[in-house]
Amino acid sequence: MNKQELKELTYKMVEERVNKGTELFNSFVFFPVLYDELKKKFSKEYCDMFRNVVLDTCILYPDWKEHEILKEVASQFESHGNV
């Protein structure tokens, strides 16, 4: 496998992972409700950061369920003192 083939394979694998994670994110039921409630109490920047962390976690763990993703995100925020 040459460099170009490796580059194309890597790009394809990343694209598949991102698509799968985005599909998971878009299928969530509880997250949109939680996000709407957070927007009532916190700044847009904080809520957007939370949304982005959830999306990133979906991309990292596309086979997890919604509650597993939200639990992981909550634990990350708690461990960094953001909650």
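Up top is the structure.
Being a predicted model, the structure only gives us computed values, none of them experimental. (Residues numbered from 1 in each chain as written. Predicted model: local features only at pLDDT ≥ 70, side-chain atom pairs only at ≥ 80, totals over all residues. Heavy atoms only, no water.)

Visitor: With reference to specific residues and values, describe the nonpolar core.
Guide: Membership of the largest hydrophobic core comes to 16 residues, with the highest contact counts inside it found for Phe25, Phe28, Phe31, Phe50, Val54, Cys58 and Ile69. Looking at this core, the elements with two or more residues in it are helix H1 (3-27), helix H2 (30-41), helix H3 (44-60) and helix H4 (66-79). When residues in this core are grouped by element, the largest group, 6 residues, is from H3. Excluding anything up to four places from it in sequence, Phe28 contacts Val54, Cys58, Glu66 and Ile69. (Core = buried A, V, L, I, M, F, W, Y, C linked by side-chain atoms within 4.5 Å. Buried < 20%, exposed > 50% of the residue type's maximum accessible area, 1.4 Å probe, protein only. Helix = DSSP H or I, 4+ residues; strand = E, 2+ residues; numbered from the N terminus. Contact = heavy atoms within 4.5 Å.)

Visitor: Tell me about the state of the cysteines, and name the residues and values.
Guide: Taken as a whole and judged by the stated rule, the model has 0 disulfides. Looking at the unpaired Cys47, the closest cysteine sulfur is the one in Cys58, lying at 17 Å. (Disulfide = S-S within 2.5 Å.)

Visitor: Residues and numbers for H2, please.
Guide: Between its first and last C-alpha atoms H2 spans 17 Å; for 12 residues at 1.5 Å apiece the expected length is 16 Å, and the two agree. On its buried side, H2 packs onto H1, H3 and H4. (Expected span 1.5 Å × (residues − 1).)

Visitor: Report on the environment of Cys47, specifying residues and quantitative values.
Guide: Relative to the elements of secondary structure, Cys47 occurs in helix H3. Spatially, the C-alpha atom of Cys47 lies 23 Å from that of Asn19, the residues being 28 residues apart in sequence.

Visitor: Would you mind going over a nonpolar patch on the surface in detail, with residue names and values included?
Guide: A contiguous nonpolar surface patch, about 440 Å² in accessible area, is contributed by Met1, Leu6, Leu9 and Met13. Along the chain, the position of Met13 falls in helix H1. The class of Met13 is exposed, set by a relative accessible area of 51%. (Patch = residues over 30% accessible without salt bridge, like charges linked within 9 Å, V, L, I, M, F, W, Y side chains within 5 Å. Areas by Shrake-Rupley, 256 points an atom, 1.4 Å probe, with all protein chains shown as cover. Salt bridge = Lys/Arg side-chain N within 4 Å of Asp/Glu carboxyl O.)

Visitor: Let's hear about H1: which residues, and what values?
Guide: For H1, built from 25 residues, the straight-helix expectation of 36 Å at 1.5 Å per residue is met to within 8% by its first-to-last C-alpha distance of 36 Å. All of the buried residues along H1 are Gly21, Leu24 and Phe25. Turning to H1, the residues buried within the fold contact H2, H3 and H4. For H1, the capping residue at the N-terminal end is Asn2, with a side-chain oxygen 3.0 Å from the backbone nitrogen of Gln4. (Polar contact = N/O pair within 3.5 Å; in protein donor to acceptor, adjacent residues only side chain to side chain.)

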